[in-house]
Amino acid sequence: MTDQPYTADPPELRRSLGVLDGVAVAASSTAATTSIGIGLGVTAGVVGLHLPAIMLLAFLPVLGIAGAYSRLNRVEPNAGNGYVWVGRSLNPWLGFLVGWVNIVATVAFLAYTTAVTGSAMLQLAGEAGVHRIGSLALDPGSTAQTTALGIVVLVAVTLTAVTGIRTAARLQTGLLVFEYAVLLGFCGYGIVAGPHPFSLSWFDPFAIPSATALAQGLLLSVFCYWGFEAAFSVNEEVRDPRDASRAGLITLVTMLGLFLLGSVAFQRVLSEQELAGHGAEGLAFFGDRLAAQPWAALPLVALMFSAVASLQAGVIPTARGMFAMSRDRTLGPLWSRVSGRYGTPAAGTLLIGVLAAAVAGLALVIPRLADMIMATVNAVGIVVALSYALTALAAAARFRSLLREDWRQGVAAVVLPALSALALLGLGGYLGWSFYTSADHFEVSADNGWFLLATPLAMIVSGFVAAGWAKYVRRSPYFRTGRGTDADAPQLLTTSN
């Protein structure tokens, strides 16, 4: 392994990917099967039988964010994406915050996905008739058992990610083909054969019970779309940087189609109480209602594949983001060490896996798997909204001269990203306020508002502390040279079209 410390010639990653590889990385990171199998039940508990409406509504600001990512990527492809773009166009402290919260949020996501993976595997074992190992009774609702098994899988996929991004992308492509075939088959059959009548009110956002439910449902849905930007984290490893933009947009549109298909199918097959009541086991319950064994186990296998792929896809972009931050000396030199054999940030990738496993172990203080999932989803939803909003505002600031030069491009490059950012900031602020006012004491519980608010606030505060360390102790040049380099950005964007 080659140790490449801070030098005049920054370390580079190996370019080996095409657009389909980028789609595989981004789609695995978004993990549609996991979002449908778990996220739909959680969201239905908030918005009732209006899943298609909330998924469509959440897609609009995320589409504006995706446009901002795509345009910024044309001008400056960088593995650090939002960290670099926000630092240049808005403020280095905010740019570092974007990079930091993405790292922390992904580690939290990996921690919760380890339990999801373990739960899916234990459910599958139960379907196969394996309910005990010696004196141990297998329980897919046990946080301890699911986390322990999930950590084993996390270690395996982390090692695979180390050996090369191309190998990882091929594995993810195979898993995705199986997942989507199962989703399309079961959801299509559910839409046709489901016992509950179809209703246009499912698509009516005004029928959602309250403004708080709307805000929380939107953030949960934004979280379901989270991960499309993983395509931009490998923009230094694709042969053509524009392929990263194509992969991100293809993934996002694909996710919309799958989420609408899944939400309509679930509501045709399951009642509102069944949707909200089965949480982490929603997809397995859906499969049981539609088919007998062994066919009913296929959605559960798809969920397991999705969780495994998303574990690996979570490790990959996080290691790339920390690689970019290390090149700027905002993080230590370990993160920018590139393996001479594999051409990947191998040491950083391994350490991300270790950190995620450690956080998964700490999550055992929340006794039930459903509580752990809900707490993490709410926390990550707020910081993801903040990260997306800042990146969109960076695009609006960077390309603002287009409003004078070409109003059509100005609307697409400035107005839509700015509106999307304001929408997400408003949602995050409203949800944070609702958390604050919903409790009068602090308790480590997924239904305690102060705990739900404290978790994302801790992520944000720790980001500013880490930024201060990078600026004043590491003396990173990022905080001196981060701004003032954007004058030619609109011209670059125009000439690249």
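Residues numbered from 1 in each chain as written. Predicted model: local features only at pLDDT ≥ 70, side-chain atom pairs only at ≥ 80, totals over all residues. Heavy atoms only, no water.

Undergrad: Which residues make up empty space enclosed by the protein, and what values go with them?
TA: By the definition in use, this model includes 5 cavities of 30 Å³ or more. Taken as a whole, the largest cavity spans an internal volume of roughly 320 Å³. Lining of the largest cavity is provided by 23 residues; of these, N102, T106, E229, P317 and T318 occupy positions nearest its centre. Contributions of two or more residues to the lining of the largest cavity are made by helix 4 (82-89), helix 5 (92-127), helix 9 (230-233) and helix 13 (298-327). (1 Å grid on protein atoms, 1.4 Å probe; cavity = no way out; pocket = protein on both sides within 12 Å on 5 of 7 lines; lining within 4 Å. Points joined across faces, edges and corners; volume = space filled by probe spheres on them. Helix = DSSP H or I, 4+ residues; strand = E, 2+ residues; numbered from the N terminus.)

Undergrad: Describe the packing of aromatic side chains, with residues and values.
TA: Per the counting criterion, the structure on display carries 21 aromatic pairs. Residues F266 and F286 carry aromatic rings whose centres are separated by 4.4 Å and whose planes lie at 15° to one another, so their mutual orientation is stacked. Of this pair, F266 sits in helix 10 (residues 242-269) while F286 sits in helix 12 (residues 282-290), and the two are 20 residues apart along the sequence. Between Y478 and F479, the ring centres sit 5.3 Å apart and the planes meet at 90°, which makes this aromatic pair edge-to-face. F479 carries the same exposure label as Y478, and that label is buried. Ring-pair connections join several aromatic residues into one group, and the members of that group are Y83, W93, F96, W100, Y472, Y478 and F479. (Phe/Tyr/Trp six-rings, centres within 6.5 Å; stacked < 30°, edge-to-face > 60°. Buried < 20%, exposed > 50% of the residue type's maximum accessible area, 1.4 Å probe, protein only.)

Undergrad: Let's hear about the environment of G188: which residues, and what values?
TA: By the secondary structure assignment, G188 is in helix 7 (residues 165-193). Judged by relative accessible area, G188 falls into the partly exposed class, the value being 26%.

Undergrad: Break down the packing of helix 5 against helix 14 (residues 346-362) for me, citing the residues and quoting the values.
TA: Here helix 5 crosses helix 14 at 60°, and the two axes come no closer than 8 Å. Every pair of crossing elements has a handedness; the one defined by helix 5 and helix 14 is right-handed. On helix 14, the residues touching V107, L110, A111 and T114 of helix 5 are I352, L355, A356, V359 and A360. Considering only residue class, the contact of helix 5 with helix 14 consists of 8 nonpolar, 1 polar and no charged. (Axes fitted to C-alpha atoms, helices over the stretch in contact; angles between N-to-C directions. Left-handed = near helix turned anticlockwise from the far one by under 90°. Contact = heavy atoms within 4.5 Å. Nonpolar A, V, L, I, M, F, W, Y, C, P; charged D, E, K, R; others polar.)

Undergrad: Before we move on, could you go through the nonpolar core and cite the residues and values that matter?
TA: Among the nonpolar cores identified, the biggest contains 130 residues, and F96, Y225, F228, F286 and Y388 are the most heavily contacted of them. A total of 14 residues in this core trace back to one element, the largest contributor, which is helix 15 (residues 369-398). Residues within four places of Y225 in sequence aside, it is in contact with T30, M55, A58, F59, V62, L252, M255, L256, F259 and Y388. (Core = buried A, V, L, I, M, F, W, Y, C linked by side-chain atoms within 4.5 Å.)

Undergrad: Tell me what's going on with the environment of A115, and back it up with residues and numbers.
TA: You can see A115 is positioned in helix 5. Placed 28 residues apart in sequence, A115 and T143 show a C-alpha to C-alpha distance of 6.7 Å.

Undergrad: Explain unusual backbone geometry residue by residue, including any values.
TA: Positive phi, close to 65°, is recorded for R329, a residue that is not glycine. Here R329 lies in the loop between helix 13 and helix 14. Despite not being glycine, R475 has its phi angle at roughly 55°, a positive value. Residue position: R475 is located in the loop between helix 18 (449-472) and helix 19 (478-481).

Undergrad: Quick rundown of the pattern of salt bridges? Include the residues and the values.
TA: Summed over the entire model, instances satisfying the criterion amount to 3 salt bridges. When the shortest N-O distance is used, the salt bridge between E76 and R88 registers 2.6 Å. Here R88 lies in helix 4 and E76 lies in the loop between helix 3 (51-75) and helix 4, a separation of 12 residues in the sequence. Within the structure, one salt-bridge network assembled from shared partners comprises E76, R88 and R398. (Salt bridge = Lys/Arg side-chain N within 4 Å of Asp/Glu carboxyl O.)

Undergrad: Go over helix 8 (residues 211-225), please, and point to the residues and values.
TA: Because an α-helix packs 3.6 residues into every turn, residues spaced three or four apart end up facing the same way. For helix 8, spanning 15 residues, the distance from its first C-alpha to its last is 21 Å, which sits close to the expected 21 Å at 1.5 Å a residue. Burial analysis of helix 8 places 12 of its 15 residues in the buried class, the great majority of the element. Inspection of helix 8 places A213, A215, Q216, G217, L218, L219, L220, S221, V222, F223, C224 and Y225 among the buried residues, and these make up the whole buried set. Trailing helix 8 by a residue or two, G227 shows a phi angle of about 125°, which is positive. (Expected span 1.5 Å × (residues − 1).)

Undergrad: Give me the lowdown on a nonpolar patch on the surface, citing residues and values where you can.
TA: There is a patch of nonpolar side chains on the surface, built from L403, W407, V411, V415, L416, L419, L422 and L425 and spanning about 730 Å² of accessible area. Top element by residues in the nonpolar patch is helix 17 (residues 407-437). It accounts for 7 residues. With a relative accessible area of 31%, V415 lands in the partly exposed category. (Patch = residues over 30% accessible without salt bridge, like charges linked within 9 Å, V, L, I, M, F, W, Y side chains within 5 Å. Areas by Shrake-Rupley, 256 points an atom, 1.4 Å probe, with all protein chains shown as cover.)

Undergrad: Just give me the short version of the confidence of the model for the protein, but keep the residues and values in it.
TA: Per-chain confidence: the protein averages 81 in pLDDT, with 87% of residues scoring 70 or above. Averaged pLDDT values over the elements of the protein bottom out at 41 in helix 20 (residues 489-496) and peak at 91 in helix 3. When the criterion is pLDDT under 50, residues 1-8 qualifies, and its contacts beyond four places in sequence or with other chains add up to 17 contacts. (pLDDT = per-residue confidence, 0-100.)

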